[in-house]
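Tertiary structure, described
These are the residues of each chain, in order.
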Amino acid sequence: MRRVLLHLGLHKTGTTAAQSFLYDNRELIWPHFSLILPYRTRNSGLSRAATTHSIYGTVGTLSEFGTRMRAFLETLDFGTRRGLIVSEENFAGLRPSRNIEQGYAAAPELAACMVDAVRHRFDQQEAEITIYLSLRQRGGWLRSLWAHDLERIRQVHDFEAFRASMNHLPSLQDTADQIRDRLPSVTVKTGWLEELQLQRFGPGTPFAEFLNLSRDKTKRLVPPSRVNNRLPEDVLAELLDLNRSRLDEAALIAQKTAIIERAKGALTGTT
């Protein structure tokens with residue numbers, strides 16, 4: 001039986017650490033599963049196709065995503081027994097803070113499209129498909145989205161205004177439930193970041209469990225080497241002030257980059 005795990009985000013719920021766990025342990029994983037991480041999904045245009053559909057939501061954009069996904073899966077060598085692990089948060093749609101009207105509304109149909117593509121790839125073979133969604137308590141999730149936007153775009157709203165603009169969006173649990181309702185024949189599992197952070201492999205824990213490796217190989221698994229640490233509050237305030245300034249984009253990016261690098265250096269004990 002082919003075992004398939006589709007990790008479809010969600011954004012800012014420990015996905016960087018989860019993907020780091022998979023990459024750092026790739027040599028142990030590869031004999032058992034083909035591994036698809038954002039480097040490949042984004043270079044191949046799959047990520048953009050998914051986020052485009054989450055914005056426009058047309059039959060054409062969904063068809064484009066499905067066509068690209070089927071073609072991509074055909075390029076993979078699964079041998080006689082190898083399964084598949086995919087981790088890409090953009091397959092749930094564009095980050096909600098950049099798509100406030102829609103949020104994750106397209107996530108269920110994107111998930112269904114992915115499942116159809118996987119079943120097509122393993123046609124005539126039995127495939128056990130699991131969708132995994134990492135979740136986070138709403139307050140911390142929104143704060144992380146806001147902090148991310150302060151770094152990456154010209155976000156000019158303070159956190160309270162940002163949170164108010166996101167109040168209409170369903171909870172992450174609701175999104176998971178909608179996917180579960182859309183795909184009753186597929187196992188949909190969730191994990192809360194706040195609980196996973198206490199485990200040995202952090203956000204990589206659900207993957208370690210899914211791998212079901214021998215005891216010897218399990219002992220060789222390593223925790224994720226990369227995690228996203230939130231910047232200190234004074235640094236976030238500094239970034240907000242810069243975003244509200246009259247600096248042109250080039251100057252803004254240069255100053256923000258210098259501030260972020262300095263702050264991250266301090267967080268890791270380097271200068």
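Residues numbered from 1 in each chain as written. Predicted model: local features only at pLDDT ≥ 70, side-chain atom pairs only at ≥ 80, totals over all residues. Heavy atoms only, no water.

Considerations on the overall build of the protein chain
Spelled out, the test is: Put simply, DSSP marks the helices as runs of H or I at least four residues long and the strands as runs of E at least two long, and each gets a number from the N terminus on. Only the C-alpha atoms count toward the radius of gyration. The rule for a globule is 2.2 Å times the residue count to the power 0.38. Burial classes follow relative accessibility: with a 1.4 Å probe on protein chains only, a residue under 20% of its type's maximum area counts as buried, one over 50% as exposed, and anything between as partly exposed. Method for areas: the Shrake-Rupley scheme with a 1.4 Å probe, in which residue coverage is limited to the protein chains shown.
Counting its secondary structure elements, the protein chain contains 14 helices and five strands. Against the compact-globule benchmark of 18 Å for 271 residues, the protein chain has a radius of gyration of 19 Å, which places it among compact chains. Dimensions of the protein chain along its principal axes, counting C-alpha atoms only, are 60 × 45 × 30 Å. The buried share of the protein chain, taken over its 271 residues, is 50%. Total accessible area computed for the protein chain in this model is approximately 13800 Å², and 48% of it derives from carbon and sulfur atoms.

Thoughts on the packing of helix H5 (residues 59–74) against helix H6 (residues 107–121)
The relative placement of two packed helices comes down to the angle between their axes together with the axis-to-axis distance. Threshold: Where helices are involved, their axes are fitted lines through C-alpha atoms of the stretch in contact, as for all axes, and angles between N-to-C directions lie from 0 to 180°. Here a crossing is called left-handed whenever its near helix is offset anticlockwise from the far helix by less than a right angle, and right-handed whenever the offset is clockwise. Contact criterion: two residues are considered in contact whenever any of their non-hydrogen atoms come within 4.5 Å of each other. Residue polarity is assigned by list, with Asp, Glu, Lys and Arg as charged and Ala, Val, Leu, Ile, Met, Phe, Trp, Tyr, Cys and Pro as nonpolar; anything else, Gly included, falls into the polar class.
In the contact formed by H5 and H6, the axes pass within 9 Å of each other and the chain directions differ by 35°. Seen from above, H5 lies across H6 with right-handed handedness. Contacts from Leu62, Phe65, Gly66, Met69, Arg70, Leu73 and Glu74 of H5 reach H6 at Glu109, Leu110, Cys113, Met114, Asp116, Ala117, Val118, His120 and Arg121. Taken together, the residues that form the contact of H5 with H6 break down as nine nonpolar, two polar and five charged.

Here we look at the sheet that holds strand S4 (residues 127–135)
For the record, the criterion: The pairing criterion is simple: DSSP has to find at least two bridges between the two strands.
Read across the sheet, five strands follow the order S2-S3-S1-S4-S5 without closing on themselves; strand pairing throughout is parallel. The outermost strands of the open sheet, each flanked by one partner alone, are strand S2 (33–36) and strand S5 (187–192). Across the sheet, the mean angle separating the axes of adjacent strands is 15° when strand polarity is ignored. Pairing of S4 with S5 involves six bridges; the strand directions are parallel. Considered in S5, the bridge of Ile131 is made with Val188. Helix-sheet contacts for helix H1 (residues 15–24) involve strand S1 (2–7), S2, strand S3 (83–87) and S4, and the interaxial angle to S3 is about 145°. Sheet contacts for H6: S1, S3 and S4; angle to S4, the most-contacted strand, approximately 150°.

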